[in-house]
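Residue-level structural notes
Listed here are the chains, written in short residue letters.
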Amino acid sequence: MSSELFSPLPLRSGQVLRNRIAKAAMEENMAGDGQLPGQGLLSLYRRWASGGTGLLITGNVMVHAEALTGPGGVVLDERAPLEPFREWARAGKSGGGAIWMQINHPGRQIQADMPGVVWGPSDVAVSLGKHSSRFGRPLAMTAEQIEATVTRYAVTARRAEEAGFDGVEIHAAHGYLLSQFLSPLVNKRTDAWGGSLENRARMLLDIVRAVRVTVSPSFAVAVKLNSADFQRGGFDADDARQVIEMLAPLGVDLVELSGGSYESPAMSGRPADSRTQAREAYFLDLARDLVKSSPLPLMLTGGITRRETAEKVLESGVAIIGMGTALAVTPDLPARWRDGREADHQLRPVNWSDKALASAAGMAQVRHQMRRIAGDRRITPNTHPAVALICEQRRQRRALRGYRAWLSTTRGTAGG
């Protein structure tokens, strides 16, 4: 069945994606020993690779061993062995598509029981009401720490290319470190990294420059950016438009649009305000406005589960559609669309009034299905979200013990 969905997309770097369907990043929390990609991740990506996507974007890989979004996170720094990452890249490309590594630093969005460092642009803590104590209190980064972090991103990107990945995506969305610098609600600095949008975007732009000069011209460099933070007074769509314009001269291939953070989890359809569609293509209205002026191709992620919705997104001028949860339930969904079929299942909805807890349960459901795919087991979309959340918390506790031991013996626990 002919469709723009299945037409190739040439990028500035010269890379050509075979179609307009991407698996967006989902945080797998499936690191093996040594915070490295293990056999479960390889099996999961082989399954996705065979499902017909043009592009697989990995879950966020940490650039700083002492700052992880969760204890099961993968770390690629200057000391990590490359062979496990080479195997991951081979698994992701085994079906003929491309694989990009998403690279990230969580900043202040780090659980309070995690070892290591909790950094932010300022000492503004995550505010989640009764759940606020789940996160550590951040320290405002020094100029030296900012510069060292820029270097870490470049090191991780260079090593990702050495391992055989086709590109990297720099994560500047969802309330992680670079998103924190962009947000006027979190970034209260009065120096060169605070105040105006140009200053708040400085760290992101410096990282893009550092990555671009470190990797080869044919290696793709993308940025994931919030279309809006969905918090009053926060980073908004006009800010996103200006940042995209700033990125355009720096050799960026693609900007992926998403939205929200832990404080306003719009990426899971649960924003703190009402500016997303209730069920599908959460950020399409904002993307329609941004695509009119964007000098770069845009990718839209969030709530896309049906071919009809995907076609509508492409008709808006968006270059590529990203799917996360839909591919955790139906890993061969692009191939199904090509054959004129849709998914057989969707995850059981989480209709809890506590948005923070509902978001955590939703992510636990997705990870539960990813683990089942990795183990070549059938999908169980009706798993109760509470059951998935309890199982996830147990895994997190086990992973935390392993991460603590690894960090203390191989990297030390001091921030630097």
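Preceding this paragraph is the structure being described.
Because the structure is a prediction, the values reported are computed rather than measured. (Residues numbered from 1 in each chain as written. Predicted model: local features only at pLDDT ≥ 70, side-chain atom pairs only at ≥ 80, totals over all residues. Heavy atoms only, no water.)

A few words on the nonpolar core. Phe85, Ile170, Met203, Leu204, Leu247 and Ile321 are the most contacted members of the largest nonpolar core, which totals 114 residues. Residues contacting Phe85, with those up to four places away along its chain left out, are Leu36, Pro37, Val74, Val75, Leu76, Ala80, Met101, Ala163 and Phe165. (Core = buried A, V, L, I, M, F, W, Y, C linked by side-chain atoms within 4.5 Å. Buried < 20%, exposed > 50% of the residue type's maximum accessible area, 1.4 Å probe, protein only. Contact = heavy atoms within 4.5 Å.)

The next subject is a positive patch on the surface. A contiguous patch of positive charge on the surface is contributed by Arg394, Arg397, Arg398 and Arg401. Structurally, Arg397 is set in helix 13 (residues 385-410). (Patch = residues over 30% accessible without salt bridge, like charges linked within 9 Å, V, L, I, M, F, W, Y side chains within 5 Å. Areas by Shrake-Rupley, 256 points an atom, 1.4 Å probe, with all protein chains shown as cover. Salt bridge = Lys/Arg side-chain N within 4 Å of Asp/Glu carboxyl O. Lys, Arg positive; Asp, Glu negative; His and termini not counted. Charge placed at Lys NZ, Arg CZ, Asp CG, Glu CD. Helix = DSSP H or I, 4+ residues; strand = E, 2+ residues; numbered from the N terminus.)

So, about the pattern of salt bridges. Under the criterion given, the structure shown has 22 salt bridges. Here Asp332 and Arg336 are joined by a salt bridge, their closest N and O atoms 3.1 Å apart. With a relative accessible area of 29%, Asp332 lands in the partly exposed category. Among the ionic contacts, a cluster of salt bridges with common partners joins Glu27, Arg367, Glu392 and Arg395.

Now for the packing of aromatic side chains. Inspection of the entire model under this criterion finds five aromatic pairs. Aromatic pair Tyr45 and Trp88: ring centres 5.5 Å apart, planes at 85°, arrangement edge-to-face. Here Trp88 lies in helix 2 (residues 83-93) and Tyr45 lies in helix 1 (residues 39-49), a separation of 43 residues in the sequence. With a relative accessible area of 0%, Tyr45 lands in the buried category. Ring-pair connections join several aromatic residues into one group, and the members of that group are Tyr45, Trp48, Phe85, Trp88 and Phe165. Taking the ring centre of Trp48 as reference, the NZ or CZ of Lys23 above it sits at 4.7 Å. (Phe/Tyr/Trp six-rings, centres within 6.5 Å; stacked < 30°, edge-to-face > 60°. Lys NZ or Arg CZ within 6 Å of the ring centre and 35° of its normal.)

Our next topic: the packing of helix 7 (residues 237-247) against helix 8 (residues 284-293). Where helix 7 meets helix 8, the closest approach of the two axes is 10 Å, and the angle between their N-to-C directions is 30°. As helix 7 packs across helix 8, the resulting crossing turns out to be right-handed. When helix 7 is examined against helix 8, the residues Ala237, Ala240 and Arg241 are found in contact with a partner set consisting of Leu286, Leu290 and Ser293. Looking at the contact of helix 7 with helix 8, its residues break down into four nonpolar, one polar and one charged. (Axes fitted to C-alpha atoms, helices over the stretch in contact; angles between N-to-C directions. Left-handed = near helix turned anticlockwise from the far one by under 90°. Nonpolar A, V, L, I, M, F, W, Y, C, P; charged D, E, K, R; others polar.)

We now examine helix 13. The terminal C-alpha atoms of helix 13 lie 36 Å apart, and with 26 residues this matches the ideal 38 Å at 1.5 Å per residue to within 8%. Taken together, the buried positions of helix 13 are occupied by Pro385, Ala388, Leu389, Glu392, Arg395, Gln396, Leu400, Tyr403, Trp406 and Leu407. Looking at the buried positions of helix 13, the neighbouring elements they touch are helix 12 (355-374). (Expected span 1.5 Å × (residues − 1).)

Next up on the list: unusual backbone geometry. Of note, His174 is a non-glycine position whose phi angle comes to about 60°, a positive value. Position of His174 relative to the elements: it lies in the loop between strand 9 (167-172) and helix 4 (177-182). Residue classification places His174 among the buried positions, given a relative accessible area of 11%. The phi dihedral of Asp376 is positive, around 55°, even though this residue is not glycine. Tracing the sequence through the fold places Asp376 in the loop between helix 12 and helix 13.

We now examine the pairing of strand 13 (residues 320-323). Here strand 13 shows no split at all, with Ile320 and Gly322 on one side and Ile321 and Met323 on the other all buried. Here three bridges tie strand 3 (residues 21-23) to strand 13, and the two strands are oriented parallel to one another. The residue of strand 13 that forms the bridge with Lys23 is Met323. Of the strand pairs in this sheet, strand 12 (residues 298-301) and strand 13 are connected by three bridges, and their pairing is parallel. For Met299, the partnering residue across the bridge sits in strand 13 and is Ile320. In this fold, strand 12 hands off to helix 9 (residues 307-315), which returns the chain to strand 13; that crossover is right-handed. (Pairing = 2+ DSSP bridges. Right-handed = clockwise from strand over helix to strand, strands pointing away.)

It is worth spelling out the environment of Gly116 at this point. Checked against the element boundaries, Gly116 lands in the loop between strand 6 (98-104) and strand 7 (119-120). The exposure class assigned to Gly116 is partly exposed, which follows from its relative accessible area of 32%. Between the C-alpha atom of Gly116 and that of Asp33, which follows or precedes it by 83 residues, the distance is 18 Å.

Listing the buried residues of helix 8 in full gives Leu284, Leu286, Ala287, Leu290 and Val291. One side of helix 8 holds all its buried residues, which, seen down the axis, span an arc of 145°. In this structure, the buried residues of helix 8 make contact with helix 7, strand 11 (254-258), strand 12 and helix 9. (Arc of directions from axis to C-beta.)

Glancing now at the side chain of His131. The residue His131 is located in the loop between strand 7 and strand 8 (139-140) in this model. Residue His131 is classed as buried on the basis of its relative accessible area of 15%. The contacts of His131, once residues within four sequence positions are left out, are Asp354, Ala356 and Leu357.

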